[in-house]
Amino acid sequence: MDVFSRSWSALLAAVAGLSDEDFARPSGCTGWLVRDLVCHLVVDAQDVLITLATPAAGEATRDAVTYWRIVEPPTGDDPLDALTVRLAAAYEQPELLRFHLDDVGSAAGRAAALADPAGRVATQGQTLTAGDYLSAYVLEWTLHHLDLIAHVPGAAPPPAEGLGHSRELLEGVVGARFPTSLTDRDALLIGTGRRTPNPAETTALGDLATRLPFPVG
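A brief look at the structure comes next. (Residues numbered from 1 in each chain as written. Predicted model: local features only at pLDDT ≥ 70, side-chain atom pairs only at ≥ 80, totals over all residues. Heavy atoms only, no water.)

Our focus in this paragraph is the packing of helix α5 (residues 130–148) against helix α6 (residues 160–174). Relative placement of two packed helices is described by the angle separating their axes and the distance separating the axes. For the pair α5 and α6, interaxial distance at closest approach is 9 Å and the crossing angle is 115°. With respect to α6, the axis of α5 lies roughly perpendicular. In the packing of α5 onto α6, the handedness of the crossing is left-handed. Contacts between α5 and α6 involve S135, A136, V138, L139, T142 and L146 from the first element and G162, L163, H165, S166 and L169 from the second. (Axes fitted to C-alpha atoms, helices over the stretch in contact; angles between N-to-C directions. Helix = DSSP H or I, 4+ residues; strand = E, 2+ residues; numbered from the N terminus. Parallel < 35°, antiparallel > 145°, perpendicular 65-115°, else oblique. Left-handed = near helix turned anticlockwise from the far one by under 90°. Contact = heavy atoms within 4.5 Å.)

Here it is as structure tokens:
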């Protein structure tokens, strides 16, 4: 849960540090500008608040790894993705979007800090401990932090512990280890299809290269 808090705080700080012009830059998410991604983070923060306020009585059906599934690579044509673009445009001024994320995001961070790690919560028809749910979300924060700064020169990267934790989660989902020659950041970017491996990386990946990418959702 500490890794969740540090990863989320770093992402909120990265958004707070964006210039108004940065909101119009492309992000690492196919079809989304930075402003669209920030709007998506508002929805993510709401999801965290909703889930932590939705207790479950049954046994856990998912953990931090099995929370995730390998999905089809995003194309930018999904109706929900298109809705996010329209919502982001409705803010008109970057400051309004920045304020909304800070407001809802700060509340999500406080709720996470107060949550009982052993308590069970319900989301998407599944039951997890709050600790596992928040642990799983580190991968969401870390990938979107990388997406946020993909075309923003000089922006601070995700914290090292979040990158390492996210790599472990992704390897658990994939059921294989990425080569140690890849940094945590590169393993995440290449593994989820956010960039193509170069020839040396392809050789190091071996048979795993033929299975790429592993987008998660």
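According to the stated counting rule, one finds 12 salt bridges in the structure shown. With its nearest N and O atoms 3.0 Å apart, the salt bridge here joins R167 to D184. Within this pair, whereas R167 is found in helix α6, its partner D184 is found in helix α7 (residues 184–191), the two being separated by 17 residues in sequence. For D184, a relative accessible area of 26% gives the class partly exposed. Two residues, R195 and D186, come together in a salt bridge whose shortest N-O distance is 3.3 Å. In this structure R195 comes out as partly exposed when scored by relative accessible area, which is 27%. One continuous salt-bridge network, built from bridges that share partners, spans R167, E171, R177 and D184. (Salt bridge = Lys/Arg side-chain N within 4 Å of Asp/Glu carboxyl O. Buried < 20%, exposed > 50% of the residue type's maximum accessible area, 1.4 Å probe, protein only.)

Turning next to the pairing of strand β1 (residues 120–123). Only one face of β1 is covered, namely the face carrying V121 and T123; the face carrying R120 and A122 is uncovered. Sheet analysis places β1 next to strand β2 (residues 126–129), joined by four bridges and oriented antiparallel. Counted as the bridge partner of T123 is Q126 from β2. Where β1 hands over to β2, the hairpin turn is made up of two residues, of which Q124 adopts a positive phi near 50°. (Pairing = 2+ DSSP bridges.)

Turning next to the layout of surface pockets. When its volume is computed, the largest pocket comes out at roughly 1400 Å³. In terms of lining, the largest pocket is formed by 45 residues, of which the most central are H40, E140, H144, V216 and G217. Elements represented by at least two residues in the lining of the largest pocket include exactly α2 (34–52), α3 (79–90), β2 and α5. By residue number, the principal contributor to the lining of the largest pocket is α2, which donates seven residues. (1 Å grid on protein atoms, 1.4 Å probe; cavity = no way out; pocket = protein on both sides within 12 Å on 5 of 7 lines; lining within 4 Å. Points joined across faces, edges and corners; volume = space filled by probe spheres on them.)

An α-helical turn contains 3.6 residues, so any two residues separated by three or four positions project in the same direction. Along α7, the residues classified as buried are A187, L188, L189, I190 and G191. G193 lies just past α7 and shows a positive phi near 80°.

Here the focus is the packing of aromatic side chains. One pass over the full model with this rule turns up seven aromatic pairs. Geometrically, the ring pair formed by Y67 and Y133 is edge-to-face, given 6.0 Å between the ring centres and 80° between the ring planes. One end of the pair, Y67, is in the loop between α2 and α3; the other, Y133, is in helix α5, and 66 residues separate them in sequence. Each residue in the set F4, W8, Y67, W68, Y133, Y137 and W141 is aromatic and connected to the rest through ring pairs, giving one cluster. (Phe/Tyr/Trp six-rings, centres within 6.5 Å; stacked < 30°, edge-to-face > 60°.)

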